[in-house]
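Read off the chains here:
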Amino acid sequence: MSEFDAEAIDDHLAAPFRVEFYGSIGSTNDRARELAREGESDVAVVAGEQTAGRGRRGRDWRGPEGGIYCSLLLAPDLEPADYPLLTLAAAVATARAVRQAGVAATIKWPNDVLVGDRKLAGILTERVGDRVVVGVGVNALADRGDLPDGGTSLRAEGGTVDRAAFVAVLLEAFDDLRDDPEGILAAWRESADTLGREVRVETPDGTVEGEAIDVERPGTLVVETDDGTVRVTTGDCQHLRAI
Ligand code: BTN
């Protein structure tokens, strides 16, 4: 199996991130948050295993050895209102890295990376003062049976699993996009499977059902419902069917 450590990532990497690598860690997001409090930025905290990984909306995120767990610590060059765009940029960058590994990937709003209907990667973005931590979890070597229902991995999809090369592609694709709000939205629209679909979104204010027609700054999903156009900023989205 190819090496997965800081040196192997650096060998592939052209983007301006310092890589901090751990064979195993509690949560790469937690480590990146510590570094944020120390004033650091442009650090990628990367691990092959997480023992206390966190997912969106307070959920746990399983982190068995054989994954790619990567948190980008950023001092964004964006208006704070646009920070949610960084999550979309990370989803686009992850989908690109998955494709480079030979697997056809799409994005489900706002930031799940899918292969068909199965989830291959998820993203958790957190703010720490003027810093932002964007954490990406990718199933790489796991068997489907060891993943939550509906999950898949690079290996299960027949992709090339070189985790160091994967991280380098992800960081470079992210770096290309991160300062360009309109470019992020355009790239997200191109990669997304959500637009043009009937969706159900569970939001804190209730369920929204209709056709997803667009994504707007800073990551708002526009849904055409029977009662008119609804803009959704946060929630769990389910794809119902293509229109
Ligand atoms: C989701 O719920 O879909 C988001 C999962 C995000 C998991 C990643 S793994 C790397 C980083 N560290 C964490 O503790 N969480 C994120």
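Above this note sits the structure.
Residues numbered from 1 in each chain as written. Predicted model: local features only at pLDDT ≥ 70, side-chain atom pairs only at ≥ 80, totals over all residues. Heavy atoms only, no water.

### Overview of the overall build of the chain
Point 1. Looking only at helices and strands, one finds 5 helices and 12 strands in the chain.
Point 2. Here the C-alpha radius of gyration of the chain, 17 Å, is about what a compact globule of 243 residues would show, namely 18 Å.
Point 3. Dimensions of the chain, computed from C-alpha atoms along their principal axes, come out at roughly 55 × 40 × 30 Å.
Point 4. Of all 243 residues assigned to the chain, the portion counted as buried reaches 54%.
Point 5. Nonlocal contacts in the chain, meaning residues at least 24 apart in sequence, comprise 63% of its contacts between residues at least 6 apart.
Point 6. As presented, the chain carries roughly 10,500 Å² of accessible surface, and 42% of it is formed by carbon and sulfur atoms.
Point 7. Between the centroid of the 26 positive side chains of the chain and the centroid of its 45 negative side chains there is a distance of 4 Å. (Helix = DSSP H or I, 4+ residues; strand = E, 2+ residues; numbered from the N terminus. Rg over C-alpha atoms; globule rule 2.2 N^0.38 Å. Buried < 20%, exposed > 50% of the residue type's maximum accessible area, 1.4 Å probe, protein only. Contact = heavy atoms within 4.5 Å. Areas by Shrake-Rupley, 256 points an atom, 1.4 Å probe, with all protein chains shown as cover. Lys, Arg positive; Asp, Glu negative; His and termini not counted. Charge placed at Lys NZ, Arg CZ, Asp CG, Glu CD.)

### Quick word on the site of the ligand
Point 1. Lining the immediate surroundings of the ligand are 20 residues, of which S27, Q50, R54, R56 and K119 lie closest.
Point 2. R54 places a main-chain nitrogen or oxygen 2.7 Å from a nitrogen atom of the ligand.
Point 3. Taking R56, its main chain carries an N or O atom lying 2.8 Å from an oxygen atom of the ligand.
Point 4. Out of a free accessible area of 410 Å², the ligand has 98% covered by protein chains.
Point 5. Because more than half of its atoms lie within 2 Å of the grid, the ligand is assigned to the largest pocket.
Point 6. Mapped onto the shell around the ligand, the elements with two or more residues apiece are α2 (28-37), β3 (67-74), β6 (118-128) and β7 (131-139).
Point 7. In terms of residue count, the dominant contributor to the shell around the ligand is β6 (4 residues).
Point 8. Considered class by class, the residues forming the shell around the ligand number 6 nonpolar, 10 polar and 4 charged. (Near = heavy atom within 4 Å. Polar contact = N/O pair within 3.5 Å; in protein donor to acceptor, adjacent residues only side chain to side chain. 1 Å grid on protein atoms, 1.4 Å probe; cavity = no way out; pocket = protein on both sides within 12 Å on 5 of 7 lines; lining within 4 Å. Sits in = over half its atoms within 2 Å of the grid points. Nonpolar A, V, L, I, M, F, W, Y, C, P; charged D, E, K, R; others polar.)

### Some points on the pattern of salt bridges
Point 1. What the rule picks out here adds up to 23 salt bridges.
Point 2. One salt bridge connects R57 with D236, and the closest N-O pair in it is separated by 3.5 Å. In this pair, R57 sits in the loop between β2 (43-47) and β3 while D236 sits in strand β12 (residues 236-242), placing the two residues 179 residues apart along the sequence.
Point 3. Its relative accessible area of 42% is what places R57 among the partly exposed residues.
Point 4. As a salt-bridge pair, E209 and R200 come within 2.9 Å of each other at their nearest N and O atoms.
Point 5. Using a relative accessible area of 39% as the deciding quantity, one classes E209 as partly exposed.
Point 6. Via salt bridges that share partners, R18, E20, R31, E34 and E40 belong to a single interconnected network. (Salt bridge = Lys/Arg side-chain N within 4 Å of Asp/Glu carboxyl O.)

### Some words on the nonpolar core
Point 1. Counting residues in each nonpolar core, the largest one holds 67 residues, and the members touching the most others are L154, L171 and F174.
Point 2. In terms of residue count, helix α3 (residues 84-100) provides more of this core than any other element does, 11 residues in total. (Core = buried A, V, L, I, M, F, W, Y, C linked by side-chain atoms within 4.5 Å.)

### Notes on the packing of α3 against helix α5 (residues 181-191)
Point 1. Relative to each other, α3 and α5 sit at 50°, their axes nearing to 9 Å. In terms of orientation, α3 and α5 fall into the oblique class. Taken as a pair, α3 and α5 cross one another with a handedness that is left-handed. Here L85, L88, A89, V92, R96 and R99 of α3 lie close against α5, whose contacting residues are P181, I184, L185, A187, W188 and S191. (Axes fitted to C-alpha atoms, helices over the stretch in contact; angles between N-to-C directions. Parallel < 35°, antiparallel > 145°, perpendicular 65-115°, else oblique. Left-handed = near helix turned anticlockwise from the far one by under 90°.)

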